[in-house]
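As a plain string of letters, each chain reads:
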2 protein chains.
Amino acid sequence: MPNLLLKIRYKGTNYHGWQVQKNALSVQEVLQNSIEKLYGSRLDVKGCSRTDTGVHANMYCVSFNAPFYAGDYHTISALNTFLPPDIRVYDCKEVDDAFHARYSSLGKEYVYLVHNATYQNPFYSDYSYHFRYDVDIDLINKAAKHFIGTHDFAAFCSAYSDAEDTVRTIYGLKAERDGELIRFTISGNGFLYNMVRIIVGTLLMVSQGKISPDDIPEIINSKQRKNAGRTAPPQGLFLNKVFYDEVLY
Amino acid sequence: MPNLLLKIRYKGTNYHGWQVQKNALSVQEVLQNSIEKLYGSRLDVKGCSRTDTGVHANMYCVSFNAPFYAGDYHTISALNTFLPPDIRVYDCKEVDDAFHARYSSLGKEYVYLVHNATYQNPFYSDYSYHFRYDVDIDLINKAAKHFIGTHDFAAFCSAYSDAEDTVRTIYGLKAERDGELIRFTISGNGFLYNMVRIIVGTLLMVSQGKISPDDIPEIINSKQRKNAGRTAPPQGLFLNKVFYDEVLY
């Protein structure tokens, strides 16, 4: 049975995240249904991570053992025929048996978009957090530097998480302005539940002068969720890249 | 009664164009309902032009006589409270009594987006025409030059139009590539029914070698719709700017 790696994009607005759940439509369920239509049997599809309701993916990776491999073009085109327009497969390849979309991942990159303007824009509302206050990009980037490296990020993890090991390594974190949009880009070896959204919410409070950039190390060290900032809303968040060993995959 | 000029943006996907019609939801109807909620009476709202089902607006202008003017911030904020997220007011000002959103217009600019890639992208599907074939931007721009100036554009007008005068002046027309997106920008003193979409469809046929750039003057001169290219689909089209006398408005 060939082991396939699919790369997909999805607009998360109408889905309750990636993972299959009772009484709510998930991206995984819709993708599994399409794969079942193509192969004629129910296959176990492994995703690279969970995502929350309303969160999007520019690159989401899944792996599964298929009964046969019809080549990339035919596999992608057939799956896209069965999928709704807000989920699209854009890459497919055969990988070795040991590959697993989640366990083989070396890390991920997320993007968070803030629409910084007085009034909302209908083209951004599903894809960004509308934030009407002045944003100080330099101050945010001064605070952002303190997140980079290996830390215990318990203070930046939802209280609803059951993660036992809360140590993660952040490779990079920066904010850039492009007109009315502010783009946060963060990469790391792994992320706790709501971690990106709490970091963005905290950095926006830094911009508002409610938290000083120099307070960040202390907030991290406290390991207390209550010391960090608000959780930014889901619709601004995009899983942007999933890193694997380039030589192998 | 103060005469107000509103600038709005809308995502046209869920509307049957601007104009009020029976048995279908239009942007005008939704905006008029919001204005009625704000002022407590049904007001006659004049739009700058018709738009088709699925067509978007980055800038759409309306004018109406209001019982009172509460200032820009309060008027915009109140209307946005009553509007759905896919229609947003972003500017409002008082203009002189003679101003009319349509008759005072000196021209318009449209943008048409083509998503040029093998596979569809869920973030572009409502906002662009997915076109998988190679696109030759230089060839398109060579053909585009022939549209600029004052011509009888009867060949680039839907057969369903009842326009008597089909002479229009095109100020500018160009295509630019930005990654997988191709952006057509066209400005002129006025546009016939489906004119932008037929011009874009024709230019894509030039790119495919089905029409030569040098054939364009002959197609224009023929005044026959059948000699021009296909009508590109509505979801790639954006009304982008409406021009008024800058000194007056």
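Residues numbered from 1 in each chain as written. Chains lettered and ligands numbered in written order. Predicted model: local features only at pLDDT ≥ 70, side-chain atom pairs only at ≥ 80, totals over all residues. Heavy atoms only, no water.

> Summarise the domain arrangement of chain A; cite the residues concerned and give the values.
All names here are of chain A. When the domains of chain A are assigned, the result is domain 1 (3-104) and domain 2 (108-242). Between the C-alpha centres of domain 1 and domain 2 the distance comes to 27 Å. At the junction of the two partners, domain 1 supplies 14 residues and domain 2 supplies 15 residues. When domain 1 packs against domain 2, the two sides together hide about 1200 Å² of surface, and 54% of this comes from carbon and sulfur. For domain 1, the biggest contributors to the area lost against domain 2 are D52, H56 and M59; these three give 42% of the whole. Remark: the boundary between domain 1 and domain 2 carries two salt bridges. (Domains from an automatic or database assignment. Contact = heavy atoms within 4.5 Å. Buried area = accessible area lost by both parts, 1.4 Å probe. Salt bridge = Lys/Arg side-chain N within 4 Å of Asp/Glu carboxyl O.)

> Let's hear about the environment of A:D134: which residues, and what values?
Looking at the element boundaries, A:D134 is found in the loop between β6 (129-130) and α3 (137-144). Along the sequence, A:D134 and A:L25 sit 109 residues apart, while their C-alpha atoms lie 37 Å from each other. (Helix = DSSP H or I, 4+ residues; strand = E, 2+ residues; numbered from the N terminus.)

> Lay out the pairing of strand β3 (residues 56-65) of chain B with the relevant residues and their values.
For a regular strand, side chains alternate in direction, first toward one face of the sheet and then toward the other. Residues and elements named next belong to chain B. Within β3, eight of the 10 residues are buried, leaving the element largely enclosed by the surrounding structure. Looking at chain direction, strand β2 (residues 46-47) and β3 are connected through two bridges and run antiparallel. Looking at β3, one finds that K46 is bridged to S63. As judged from the two bridges shared by β3 and strand β10 (residues 237-243), these two strands associate in the parallel manner. Each bridged residue has a counterpart across the sheet, and for A57 the counterpart in β10 is L239. (Buried < 20%, exposed > 50% of the residue type's maximum accessible area, 1.4 Å probe, protein only. Pairing = 2+ DSSP bridges.)

> Give me the interface of chain A and chain B: which residues, what numbers.
Taken residue by residue, the interface counts 27 residues in chain A and 27 residues in chain B. Carbon and sulfur atoms supply 62% of the area buried between chain A and chain B, which totals about 1900 Å² over both sides. Among the residues of chain A in contact with chain B, A:Y119, A:P122 and A:F123 are the three that bury the most area, contributing 38% of the side total. In this structure, the connection of chain A to chain B is made through zero salt bridges. Our count for the contact surface shared by chain A and chain B stands at two residue pairs in polar contact (both at pLDDT 80 or more). Per element, the largest residue contribution to the side of chain A that touches chain B is five residues, and it comes from helix α2 (residues 72-82) of chain A. Counted by class, the side of chain A that touches chain B contains 13 nonpolar, eight polar and six charged residues. (Polar contact = N/O pair within 3.5 Å; in protein donor to acceptor, adjacent residues only side chain to side chain. Nonpolar A, V, L, I, M, F, W, Y, C, P; charged D, E, K, R; others polar.)

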